[in-house]
Structure formats: C-alpha cells, structure tokens
Amino acid sequence: MVTTRKMTLEEYLELPQAKPYLEFVDGEVVEKMSPQAQHSRIQGALLAMFGSLKPYGYEALSELHSLFGRPARGYIPDVVIVATSRLQRDERGRVFGPINFAPEIAIEILSPDDRAGRVLEKLTFYMDNGVQLALVIDPDIERVSVYRPGQAPLLFPRSATIDLSPVIPDFSMELEKVFGALEE
C-alpha cells in the first residue's frame, strides 16, 4: 500500500506514471507488484499470440492504464484486449492512453508476491464493471483461471485451448504456447 490517506481520482491522476506502476482502488493508491522473468516471458508470449487480432478488430496491449467502473478504479492489467475502434488516437493516428472504459479482456499474470484477496477483489470488480472475460495465469502451477460475468470460474491446464468467443469469435488461445515460453 502506498497511501496512508484517502485520495480522490483526480489527485491520483495527477501522480507521475512511472515504475513501479500505481493502481487506484477505493481511494487508495496501491503499488503493482514488480514482474519477474516468468511474468515477462508469459507476457511476451501473449502479446505475440495476440498480435494477429487486428483483422478481428481488436488489439492487445501490455500494462495499459484502465480507468473504469462505479466508483472508478484505476487498474493496470498485465495484458488487455480492446476493440481497436475504442482506442484514442492522436492526430498522427497513434494510440495513446489511458483508456476510460473496461477492456473487453483483462489478463493478470500472478507473481509470487500477489495476495489472493487482492486478486479476487480485482476480478470481482472486473466482472461487475464491464470486462467480458478475465484470465488469471499462474506460472507456478501452469494453470489459467477463466472468469466470465455471471458464471463460475473455470480452471484450465497447460494442455488446454481456451476459446475466446463470444468476445472474439473464431479465436482461441493455446496454453501450451503460453507456458512454453517459460522453457525457451
């Protein structure tokens, strides 16, 4: 925890955005865990896998500051997938952020220091505030938990393929490719 006093969203947005990244939860600024090598490799594998989303009308971005919900929170998922049409662009057509809406898909990669309560709180918020699909990747046990609004979470082993429909029709995610990045 970074703050010892409550802060407004406006005060939080005025803070410098540098590493370590800071998230905003219920008026408190929370430091995001610093990633380790396993985390970075999985994140790289995901971005490579999702690099082919543009023909589907989506884009995958890492560590994108996402401000959404009621009351608003500021989270920085490890990877988000958003509809390309929803991204802000500057006069040169370049994407810039943060985004002020729920991403279609939010992916969190667990770090050894992540606290279960904080992760579950984040996932509950995602499901209650417009995220259509959330994935929690656990590198230690090589499992992925899949959350969809109004449904019980599902747990998938390394050998599984996760269908990203109905968010992205005809697109799936082979977990062998994700966890294989740990061995390269």
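Overview of the structure.

What counts and what doesn't
- Residues numbered from 1 in each chain as written.
- Predicted model: local features only at pLDDT ≥ 70, side-chain atom pairs only at ≥ 80, totals over all residues.
- Heavy atoms only, no water.
- Buried < 20%, exposed > 50% of the residue type's maximum accessible area, 1.4 Å probe, protein only.
- Helix = DSSP H or I, 4+ residues; strand = E, 2+ residues; numbered from the N terminus.
- Pairing = 2+ DSSP bridges.
- Right-handed = clockwise from strand over helix to strand, strands pointing away.
- Polar contact = N/O pair within 3.5 Å; in protein donor to acceptor, adjacent residues only side chain to side chain.
- Contact = heavy atoms within 4.5 Å.

Digging into the pairing of strand β10 (residues 133-138)
- Across the six residues of β10, six count as buried, placing the element largely inside the fold.
- The alternating pattern of β10 places Leu133, Leu135 and Ile137 on one face and Ala134, Val136 and Asp138 on the opposite face, and all of these are buried.
- In this structure, strand β9 (residues 105-109) lies alongside β10, joined through five bridges in parallel fashion. Each residue of the ladder has a partner; that of Ile107, found in β10, is Leu135.
- The handedness of the β9 to β10 crossover, carried by helix α3 (residues 116-128), is right-handed.

Regarding the side chain of Arg73
- Position of Arg73 among the secondary structure elements: in strand β5 (residues 73-75).
- The exposure class of Arg73 is buried, given its relative accessible area of 8%.
- Of the polar contacts made by the side chain of Arg73, one reaches the side chain of Tyr75; its length is 2.8 Å.
- Apart from residues lying up to four places away in sequence, Arg73 is in contact with Phe24, Val25, Asp26, Ser66, Leu67, Phe68, Glu121 and Phe125.

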